[in-house]
Amino acid sequence: VQLRWLAIAGQVATILLTHFGMGITLPLGSMLVVPCIAALMNVGSLMILRRRTDITHAELFLALLFDVLALTTQLYLSGGATNPFLSLYLVQVALGAVLLHRWSVWGIVAVSTVCAAMLAFVHRRTWICLTMVAVLLVLFMTPINRNIQERESHLARLRQQAAEEEHIVRMGLLASGAAHELGTPLAQLAVVLGDWRHMPQIAGDPALIEEVEEMEAAVRRCKAILTGVLLSAGEARGEAPEVTDVRHFIERIAQDWRAANPDMPLRCDFGPHDYPRIIADPVIRQAVTNLLDNAREAGATYINMMVSRDSQWLHIAVHDNGRGFSPDMLADVGKPYRSSKGRQGGGLGLFLVFNVARKLGGRVDASNGADGGAMVQLRLPFATLALEEDKDGE
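From a predicted model like this one, the values you see are computed outputs, not experimental measurements.

Assigned secondary structure in the chain consists of 12 helices and seven strands. The buried share among the 394 residues of the chain stands at 34%. Of the contacts made within the chain by residues no fewer than 6 positions apart, 67% connect residues no fewer than 24 positions apart. Surface summary for the chain: the accessible area is close to 23500 Å², and the carbon and sulfur share equals 62%.

Pasting the structure below:
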């Protein structure tokens, strides 16, 4: 619309200057009708834009097509192909190459070529030149425009990734501080529970002893969770890296999870594979645990964890029989606070899993199983997990 206002002003000024200033007789009335129609077109476009903000591709195509026909009318009334403003067709072609899809751009080229051919029926050389320039312009502008769009998409993804990583950093700092603060009251609880165990009133009651043991187990689990938080925050990482094989590592995660969730069946399938020894990163344990927790919270009554490998990747898939992912969830899976649980703070589990996989050079795929439930597969490269062998194979 803005460019058309400029075109209208330029057309009116050129027509009046040519007719009155240069003494070249023009069909003044007919030629001024075209800018008036274009002005009405702009007014109508602005009225439409007041009611909505989106513009369809078809509307852009028709707008440029109108400009081509308006230019053709002006050139027809003022000398046809001998008019030096014939090259303005290329402006419409360039705008089409930037704004329209490929088929629409070639449509603008075709219409401009046909209109120029009608004007240049006698002056064929001018028409051929204009057609060649229009085709070359589209061939050059289309890939340039595509590259610009791809760059903008890549920058948008980088900005989104940077925002997510900043969110992770804030969460890590908060979790690390909370872990330090919770260490003292948990230690006090452990001391109090130890004193209770030796009190005569409790020592003589088996039911109370059992409850104290359950509370002590809960305190130990809280301490283990806080230790994992501190390890994930990097405060103790690198001091004693754990070297183990994949099967033992996954089985230990499953064992700890079963102990914390005794009412939820969890089956592990490793398949007929040999697994290399790896450096067990605590964040991988946390990521797998998050997948299992998400499956439980999604209403599953059983969970299958399938572990497999190929030459380069370790695959850890968690399949449950819960309610699965909704289409909206699958579209935004891995984004923070995108959850189907409907509670405050939900959606962070998968968000953390996606970020762990990305940091380790892997990926996460989420889908709904063919027989219902959700399927989340964590793929991690052995290049960042497995130990390198020396020359003696050790």
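Having seen the model, we can carry on.
What follows covers the nonpolar core. Core analysis: the largest hydrophobic core is formed by 41 residues, its most contacted members being Ile250, Ile303, Met305 and Leu378. Counting only elements with at least two residues in this core, the list comes to α9 (246-260), α10 (282-297), β4 (303-309), β5 (313-320), α12 (348-359) and β7 (374-381). If one sorts the elements of this core by residue count, α10 sits on top with seven residues. Not counting chain neighbours up to four residues away, the residues in contact with Ile250 comprise Phe270, Met305, Val307 and Ile316. Phe61, Leu64, Leu75 and Leu86 belong to the second largest nonpolar core, which has 20 residues in total.

Another aspect to go through is helix α1 (residues 2-21). Spanning 20 residues, α1 covers 27 Å between terminal C-alpha atoms, matching the ideal 28 Å at 1.5 Å per step. If you check which residues of α1 are buried, you get Arg4, Ile8, Ile15 and Thr18. Along the long axis of α1, the arc covered by the buried residues comes to 120 degrees, so they all point the same way. Across from the buried face of α1, at angles greater than 90 degrees, the exposed residues are Gln2, Leu3, Leu6, Leu17, Phe20 and Gly21. The elements touched by buried residues of α1 are α2 (28-51) and α3 (57-77). One or two positions beyond α1, positive phi appears at Gly23, with a value near 75 degrees.

Next up on the list: the pattern of salt bridges. Under the definition given, this model contains nine salt bridges. A salt bridge links Arg4 to Asp67; its shortest N-O distance comes to 2.9 Å. Of this pair, Arg4 sits in helix α1 while Asp67 is found in helix α3, placing the two residues 63 residues apart along the sequence. Arg4 gets classed as buried once you look at its relative accessible area, which sits at 8%. Residue Arg197 is joined to Glu213 by a salt bridge in which the shortest nitrogen-to-oxygen separation is 3.7 Å. A residue pair is termed long-range when its members are at least 10 positions apart, and Arg197 in helix α6 (residues 124-197) and Glu213 in helix α8 (residues 206-232) qualify at 16 residues. Classification of Arg197 by relative accessible area gives partly exposed; the value is 28%.

Closest axis-to-axis distance for the α1/α2 pair is 10 Å, and the angle between their directions is 165 degrees. Judged by the inter-axis angle, α1 sits roughly antiparallel to α2. For α1 against α2, the interelement crossing comes out left-handed. Between α1, through Arg4, Trp5, Ile8, Gln11, Val12, Ile15, Leu16, His19 and Phe20, and α2, the contact on the second element is made entirely by Leu28, Met31, Leu32, Val34, Pro35, Ala38, Ala39, Met41, Asn42, Val43, Ser45 and Leu46. Considered class by class, the residues forming the contact of α1 with α2 number 16 nonpolar, four polar and one charged.

Now for the packing of α3 against helix α4 (residues 89-99). The contact between α3 and α4 brings their axes to 10 Å, and the two run at 175 degrees. Between α3 and α4, the crossing angle belongs to the class labelled roughly antiparallel. On α4, the residues touching Leu60, Leu64, Asp67, Val68, Leu71, Thr72 and Leu75 of α3 are Tyr89, Gln92, Leu95, Gly96 and Leu99. A class-by-class count of the residues in the contact of α3 with α4 yields eight nonpolar, three polar and one charged.

We now examine the sheet that holds strand β6 (residues 363-368). Reading across from one edge, β2-β4-β5-β7-β6 is the order of the five strands in this open sheet, with mixed pairing throughout. Looking at which strands have only one partner, the edges of the open sheet turn out to be β2 (266-269) and β6. Averaged over neighbouring strand pairs, the angle between their axes works out to 15 degrees when direction is ignored. One ladder, built from seven bridges, connects β5 with β7; its direction is antiparallel. Each residue of the ladder has a partner; that of Ala317, found in β7, is Gln377.

So, how was this worked out
- Residues numbered from 1 in each chain as written.
- Predicted model: local features only at pLDDT ≥ 70, side-chain atom pairs only at ≥ 80, totals over all residues.
- Heavy atoms only, no water.
- Helix = DSSP H or I, 4+ residues; strand = E, 2+ residues; numbered from the N terminus.
- Buried < 20%, exposed > 50% of the residue type's maximum accessible area, 1.4 Å probe, protein only.
- Contact = heavy atoms within 4.5 Å.
- Areas by Shrake-Rupley, 256 points an atom, 1.4 Å probe, with all protein chains shown as cover.
- Core = buried A, V, L, I, M, F, W, Y, C linked by side-chain atoms within 4.5 Å.
- Expected span 1.5 Å × (residues − 1).
- Arc of directions from axis to C-beta.
- Salt bridge = Lys/Arg side-chain N within 4 Å of Asp/Glu carboxyl O.
- Axes fitted to C-alpha atoms, helices over the stretch in contact; angles between N-to-C directions.
- Parallel < 35°, antiparallel > 145°, perpendicular 65-115°, else oblique.
- Left-handed = near helix turned anticlockwise from the far one by under 90°.
- Nonpolar A, V, L, I, M, F, W, Y, C, P; charged D, E, K, R; others polar.
- Pairing = 2+ DSSP bridges.

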